[in-house]
Amino acid sequence: MESPLQIQFTPEKNDYVRASRVLANKTPAFIVLAAVTILLMVGALVVLLVPSIGDSTWKNVAIISLVIGVFYLVYYFLLIPSQLGRSFKSNELLQKERVLVFDEAGLKMTVADRQSEMAWENFEKLMDGGSLYLMIYKANDRLYPFVPKRAFDAPGSEEAFRQLFSDHDISIK
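For the structure given in this document, a descriptive report is provided here. (Residues numbered from 1 in each chain as written. Predicted model: local features only at pLDDT ≥ 70, side-chain atom pairs only at ≥ 80, totals over all residues. Heavy atoms only, no water.)

Another point: the layout of surface pockets. In this structure, the largest pocket encloses a volume near 610 Å³. Residue lining of the largest pocket: 21 residues in total, with Tyr-16, Leu-94, Arg-98, Tyr-144 and Pro-145 positioned closest to the centre. Elements represented by at least two residues in the lining of the largest pocket include exactly helix 1 (13-25), strand 3 (106-111) and strand 4 (114-119). (1 Å grid on protein atoms, 1.4 Å probe; cavity = no way out; pocket = protein on both sides within 12 Å on 5 of 7 lines; lining within 4 Å. Points joined across faces, edges and corners; volume = space filled by probe spheres on them. Helix = DSSP H or I, 4+ residues; strand = E, 2+ residues; numbered from the N terminus.)

Laid out in C-alpha cells, this is it:
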C-alpha cells in the first residue's frame, strides 16, 4: 500500500437510518421474514376480500395476519427511524466527525477523543447500500461502521476504498 487512505465525514441522522436499512435489506433472515410477511398479508387480503374462500376461522387468521403485517411495516418504516433519530439527537458522540484511516493493518477510526483499531482479518464484508457503505466487522463484538458516499470527495477515493477491501479478500455486496 502506498499511503493510507483517509476519509473524514460528519454523520447525519439519515445515515444511521440508511445503515440500518442496508443491514436489514442485505440480511437473508430479514429478507425471508419480509417475504413471508408480504405473502401472509396478500393471502389475508384475498381471504377477506373474496367471501367464498374459507370459513370464519380463516377470516380470523387473516385479520391477525394483517395486523402483524401492518405492525411489521410500521416498525420498519416509522419506529426504527424514530428511535434512531432520538438516539442521534441525545448522543453527541453520534454527531461527531469521524476520521477513518485505512492502512495495511486495517482501520483506525477516530470519533472525538476516542479511537478504535480494526484489523483487516475481522472484516466480514462490505455492503454497498447505494448512498453509503456499511462495513461488517466482527471481533469480540459485532460493529457496523459506515461511510456515506458523500465522504468520497477526492477523485478516485471511492475506488481506492473498494479496492482496499478487494485486496484483503473481503467480499463487497
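Bringing the pattern of salt bridges into the picture now. Throughout the structure, instances matching the rule amount to eight salt bridges. A salt bridge links Arg-18 to Asp-15; the shortest N-O distance between them is 3.7 Å. Here the residue Arg-18 and the residue Asp-15 both occupy positions in helix 1, the gap between them amounting to three residues, near one helical turn. By relative accessible area, Arg-18 is classed as partly exposed at 36%. As a salt-bridge pair, Arg-142 and Glu-124 come within 2.9 Å of each other at their nearest N and O atoms. Linking Arg-142 in strand 7 (residues 142-143) with Glu-124 in strand 5 (residues 123-128), this pair joins segments that are 18 residues apart in sequence. With a relative accessible area of 37%, Glu-124 lands in the partly exposed category. Each of Glu-12, Asp-15, Arg-18 and Arg-150 takes part in a single network of salt bridges with overlapping partners. (Salt bridge = Lys/Arg side-chain N within 4 Å of Asp/Glu carboxyl O. Buried < 20%, exposed > 50% of the residue type's maximum accessible area, 1.4 Å probe, protein only.)

Next up on the list: unusual backbone geometry. Leaving glycine aside, a negative phi is the common case for residues, and trans is the common case for peptide bonds. Of note, the phi angle at Ala-112 is positive, near 55°, even though the residue is not glycine. For Ala-112, the location among the structural elements is in the loop between strand 3 and strand 4. One non-glycine residue, Asp-169, lies in the positive phi region at around 55°. Within the secondary structure layout, Asp-169 lies in the loop between helix 4 (157-167) and strand 9 (171-172). By relative accessible area, which is 73% here, Asp-169 ends up exposed.

In this section: helix 4. Ser-157, Phe-161, Leu-164 and Phe-165 are the residues of helix 4 that are buried. Buried residues in helix 4, looked at end-on, bunch into an arc of 95°, giving them a common side. Turned more than 90 degrees from where helix 4 packs its buried face, Glu-159 and Asp-167 sit exposed. Summarising the contacts, the buried residues of helix 4 are in contact with strand 1 (5-9), strand 2 (98-102), strand 5, strand 6 (132-138), strand 8 (146-148) and strand 9. (Arc of directions from axis to C-beta. Contact = heavy atoms within 4.5 Å.)

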